[in-house]
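Examining the three-dimensional arrangement
Here is how the chains run, residue by residue.
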Amino acid sequence: MVAKILDGKAASVAWEAELAAKLGNMQAKPCIALVRVGEDPASVTYVKKKIEMCTRLGIVSQFVHLPQNTTQDELMARLEKLNTDPRIHAILVQVPLPDQIDAVAVQNAIAPLKDVDGFGPENMGLLLMGRPRLVAATPAGVMRLLKHYSLDVTGKNCVVVGRSNIVGKPLAQLLLNADATVTMAHSKTQNLAAVTKQADFLFSAVGKPGLITGAMVKKGAIVVDIGTSKNDEGKLAGDAQFESVKKRAAWLSPVPGGVGPMTIMSLMANTISAYELQNKRA
Ligand code: NAP
């Protein structure tokens, strides 16, 4: 067996066309504030890419760049201004934040209807209750990738490796909401291979290149590799050992070119949703 590729680039192009059509029909354009504190190199790149995508789609972006030594109070005050500014529909604070900042407090301070990362307690709670509103971009992008390829998780054994608040937990919840039977694994899971081998759908969001080997994958499984880290050669790599997993799986998402392009489009979709939510209430 050689796995077919879950092509995130192709799926994101289709999604982009859909979003562009939607934006074309909107009288006013959504505006997202992208907040970056400091100079973390990865954050510089991520925020730049997000702004470029906004420009391409016709979403207005406002870049808020604060110095590395910004205090918690200063950041909170800035967020409050963005929260109450009716011209801003969406707020994203790029992580990681400098050590002096409490990232959870920051996330909780973002107005729930502008919380396009979906990390705040209100949006997380709604997801937990099966009433998703603004959902974290990467898990939402994963679900969209599956939908693009008409891969249905209903009743299937889905294993999610990784339990972070930004990927693993919301993804598991989305899968549960979609009627999958969900198992979560993490660093304390005993005999990970025995768990992953049960998976009809295996999702890995860990950040350890090569963690998932072909031997850990059930024949014919669908493997979605969310991990992105640098391997020993300094190249971007997923969690799955691509060559060995490819021989066992029916479908496999590559890194790069899998979940990554879906994540950014998911943020764009959330920005449009945030605009719609606020205008519905007005
Ligand atoms: P994180 O907060 O570091 O969480 C990693 C998770 O992996 C934790 O739950 C941890 O378990 C678990 N883990 C660590 N070692 C493990 C092992 N040996 N076996 C099983 N589980 C293990 O990371 P994250 O923010 O969720 O991100 C995960 C990966 O996804 C990273 O590579 C990140 O770069 C990538 N990512 C990609 C995108 C994208 O758009 N493609 C977006 C977001 C994140 P414990 O909870 O027990 O510590």
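Everything that follows concerns the structure shown earlier in this document.
The present account deals with the structure reproduced in this document. Just so we're clear, the structure is a prediction, and the values are computed from it rather than from any experiment. (Residues numbered from 1 in each chain as written. Predicted model: local features only at pLDDT ≥ 70, side-chain atom pairs only at ≥ 80, totals over all residues. Heavy atoms only, no water.)

1. Points about the site of the ligand
What surrounds the ligand is a group of 20 residues, the closest being R163, S164, S187, T228 and T263. Here I226 contributes a backbone N or O atom positioned 3.4 Å from an oxygen atom of the ligand. A total of 920 Å² of accessible area belongs to the ligand in isolation, and the protein chains cover 71% of it. Taken together, the residues of the shell around the ligand sort by class into eight nonpolar, 10 polar and two charged. (Near = heavy atom within 4 Å. Polar contact = N/O pair within 3.5 Å; in protein donor to acceptor, adjacent residues only side chain to side chain. Areas by Shrake-Rupley, 256 points an atom, 1.4 Å probe, with all protein chains shown as cover. Nonpolar A, V, L, I, M, F, W, Y, C, P; charged D, E, K, R; others polar.)

2. Observations regarding the pattern of salt bridges
Scanning all chains against the criterion turns up nine salt bridges. Ionic pairing is found between K48 and E52, a salt bridge with its closest N-O pair at 3.8 Å. Pair noted here: K48 and E52 are both in helix α2 (residues 41-57), with a separation of four residues, about one helical turn. Looking at K48, the relative accessible area reads 52%, which means it is exposed. Residues D85 and R87 are paired through a salt bridge, measuring 3.0 Å at the closest nitrogen-oxygen approach. Residue classification places D85 among the buried residues on the basis of a relative accessible area of 13%. Since its relative accessible area comes to 63%, R87 is described here as exposed. (Salt bridge = Lys/Arg side-chain N within 4 Å of Asp/Glu carboxyl O. Helix = DSSP H or I, 4+ residues; strand = E, 2+ residues; numbered from the N terminus. Buried < 20%, exposed > 50% of the residue type's maximum accessible area, 1.4 Å probe, protein only.)

3. Let's talk about the packing of aromatic side chains
Summed over the entire model, instances satisfying the criterion amount to two aromatic pairs. Relative to W251, the ring of Y149 lies with its centre 5.1 Å away and its plane at 50°, an arrangement referred to as tilted. In this pair, Y149 is assigned in the loop between α6 (137-148) and β5 (157-161) and W251 in strand β11 (residues 251-252), connecting sequence segments 102 residues apart. Owing to a relative accessible area of 15%, W251 belongs among the buried residues under this scheme. Between the aromatic rings of F201 and F203, the centroid separation amounts to 6.4 Å while the plane-to-plane angle is 10°, which identifies the pairing as stacked. Overall, F201 belongs to the buried group, its relative accessible area being 3%. What makes F203 buried here is its relative accessible area of 0%. (Phe/Tyr/Trp six-rings, centres within 6.5 Å; stacked < 30°, edge-to-face > 60°.)

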